[in-house]
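# Secondary and tertiary structure notes
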Amino acid sequence: MTAANVDLHLVPDSPRLRSAFISDVHLGSAHCHAQELADFLARLKVDRLYLVGDIVDLWWMSAKRAAWGHAQNHVVEALHRLRAAGTELVYVPGNHDRPIRRFCGLVLPRMSVRRRLIHTTADGRRLLVVHGDDYDSVTQFGGFHDQLGDWLYERILTGNRLANGLRRRLGLRYWSLADFLKRQSGAAERYIGRFIDTGLADARRRGLDGIVCGHIHRPALIERDGIIYANDGDWVESLTALVEDRDGTLRLVNHRNETLQRLEPRSVAMPVPAQNVPVTMPEAA
Ligand SMILES: [Mn+2]
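Residues numbered from 1 in each chain as written. Predicted model: local features only at pLDDT ≥ 70, side-chain atom pairs only at ≥ 80, totals over all residues.

## Focus on the overall build of the protein chain
Heads up, the condition is: Strands here are runs of E lasting at least two residues and helices are runs of H or I lasting at least four, both read from the DSSP assignment and numbered beginning at the N terminus. Three exposure classes are used, based on other C-beta atoms lying within 10 Å of a residue's own C-beta, which is placed from the backbone: buried for 20 or more, exposed for 12 or fewer, and partly exposed in between. Two residues form a contact once the distance between their C-beta atoms, set from the backbone, is within 7 Å.
Counting secondary structure elements, the protein chain contains 9 helices and 13 strands. Every one of the 285 residues in the protein chain was classed for burial, and the buried ones make up 39%. Within the protein chain, residue pairs in contact and separated by at least 24 positions form 66% of the contacts whose partners lie at least 6 positions apart.

## Considering the nonpolar core
Using the following cut-off: The nonpolar core is taken to be a set of buried Ala, Val, Leu, Ile, Met, Phe, Trp, Tyr and Cys residues joined by way of C-beta atoms within 7 Å.
Ala20, Val52, Ile211, Val212, Ala230 and Leu242 are the most contacted members of the largest nonpolar core, which has 57 residues in total. The element that contributes the greatest number of residues to this core is helix 8 (residues 186–205), accounting for 6 residues. Other than its neighbours up to four places away in sequence, Val52 contacts Phe21, Ile22, Ser23, Val92, Val129, His131, Val212, Cys213, Gly214 and Asp232.

## Details of the sheet that holds strand 1 (residues 17–22)
How we decide: Pairing between two strands is assigned when DSSP locates at least 2 bridges connecting them.
Across the sheet, 8 strands lie side by side as 4-5-3-2-1-11-12-13; this open sheet has mixed pairing. The sheet terminates laterally at strand 4 (107–108) and strand 13 (259–263), the two strands that pair on one side only. Here 2 bridges tie strand 4 to strand 5 (residues 111–113), and the two strands are oriented antiparallel to one another. Each residue of the ladder has a partner; that of Leu108, found in strand 5, is Met111.

## Remarks on helix 8
The α-helix winds at 3.6 residues per turn, so residues separated by three or four positions along the chain end up facing the same way. Rule in force here: The span one expects for a helix is its residue count, reduced by one, times 1.5 Å.
Here helix 8 contains 20 residues, and its C-alpha end-to-end distance of 28 Å stays within 8% of the 28 Å for a straight helix at 1.5 Å per residue. For helix 8, every residue scored as buried is listed here: Ala187, Tyr191, Ile192, Phe195, Ile196, Gly199, Asp202 and Ala203. Downstream of helix 8 by a residue or two, Gly207 has a phi angle that is positive, lying close to 70 degrees.

## Examining the packing of helix 1 (residues 34–43) against helix 3 (residues 70–84)
Put simply, the rule reads: Between N-to-C directions, angles cover 0 to 180 degrees, with each direction set by a line fitted to C-alpha atoms, over the stretch in contact for helices. Our angle categories are set so that under 35 degrees counts as roughly parallel, over 145 as roughly antiparallel, 65 to 115 as roughly perpendicular, and the remainder as oblique. For any pair of crossing helices, the crossing counts as left-handed if the nearer helix is rotated counterclockwise from the farther one by less than a right angle, and right-handed if it is rotated clockwise.
Running from amino to carboxyl end, helix 1 crosses helix 3 at an angle of 20 degrees, the nearest separation of the two axes being 8 Å. Overall, the two elements helix 1 and helix 3 adopt an arrangement that is roughly parallel. For the element pair helix 1 and helix 3, the recorded crossing hand is left-handed. Side by side, helix 1 and helix 3 meet where Ala34, Gln35, Leu37, Ala38, Leu41 and Ala42 of the first sit next to Ala71, Gln72, His74, Val75, Ala78, Leu79 and Leu82 of the second.

## Concerning the sheet that holds strand 10 (residues 227–231)
Strand order in the open sheet formed by 5 strands is 6-7-8-10-9, with mixed pairing between adjacent strands. Edge positions in the sheet fall to strand 6 (117–120) and strand 9 (220–224), since each of these pairs with one other strand and no more. Across the sheet, the axes of successive neighbouring strands diverge by a mean angle of 20 degrees, strand direction being ignored. The sheet contact formed by strand 6 and strand 7 (residues 126–129) spans 4 bridges and is antiparallel. The residue bridging His119 from the neighbouring strand is Leu127, located in strand 7.

## What to know about the pairing of strand 11 (residues 240–244)
Sheet faces and side chains relate simply in a regular strand, where the side chains alternate between the two faces. Of all 5 residues making up strand 11, 5 are buried, and the element is well covered by its neighbours. Covered by surrounding structure in strand 11 are Thr240, Leu242 and Glu244 together with Ala241 and Val243, the residues of both alternating faces. One ladder, built from 3 bridges, connects strand 1 with strand 11; its direction is antiparallel. Paired with Ala20 across the strands is Val243, a residue of strand 11. Sheet topology note: the strand 11/strand 12 (residues 250–254) ladder contains 5 bridges and is antiparallel. What sits directly across from Val243, in strand 12, is Arg251.

## Notes on helix 3
Going by this rule: Think of the arc as the fan of directions from the helix axis to the C-beta atoms.
Helix length check: helix 3 (15 residues) gives 20 Å between terminal C-alpha atoms against 21 Å at 1.5 Å per residue, within 8%. Taken together, the buried positions of helix 3 are Gln72, Val75, Leu79 and Leu82. Along the axis of helix 3, the buried residues cluster in a sector spanning 85 degrees; they form a single face. Facing away from the buried side of helix 3, by more than 90 degrees, are the exposed residues His70, Asn73, His80 and Ala84.

## With respect to the environment of Asn254
Relative to the helices and strands, Asn254 is located in strand 12. When the C-alpha atoms of Asn254 and Thr240 are compared, they prove to be 4.3 Å apart, with 14 residues separating the residues in sequence. Once you skip the residues sitting within four places of it in the chain, Asn254 turns out to touch Leu239, Thr240 and Leu260.

Spelled out as structure tokens, the structure:
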């Protein structure tokens, strides 16, 4: 997170990335940083771009006046240009663009829509790619003592319009889980902790090496007990993306392409043991 960590992917001859992940753009809502994203996408060179949900905020646009101008068009144009330049787009719809889940399974040239899928990194790690709202039913409520907070939080998660009206009266931006949770101080960290635990457990249960998700607007790139938790953040507050270099290095970058966190590929760190040596897996304990 330091300024010394500035990355040089902006230079014109920077190597093409293997994959990139963005989510929680909330395009069409008033709080999306569309121009920053358009600029980021215009500089992006990548084989495969995953759109990990809440890309277009259909929820906002059906409930309120859509915020759509030049910057929003620039985002769409940048995506078209990437695809025309050979980038494969994979759209994994979230809860704010849930109607697009109707198209899950659709496969077009260099464009597909998937409910969830597995991305294999250059060093062979298999990562579950999913938006993350599936984990709401597991993670919500536990940390709240305030009954009104419980009630309100549930309505926010389920997109109830009455609660959205109430939130507006309370001066809250209606979709931002993160905003609401920050006002609950300790509850925010407990919620985020449970979300991360749930994501890690899901990856482990599926026999995978990690998970890439979004949804909670809290970027992260960590490895716990051999399982990766990568959250690509959002384009409302964090303005971050997850990218994979050609060797499988994972990096969390901001909209200026500065590296915030980095996870090295495992090829060097995990040599294959000799066949007759019993392998102890500490994470299995
Ligand atoms: Mn979401």
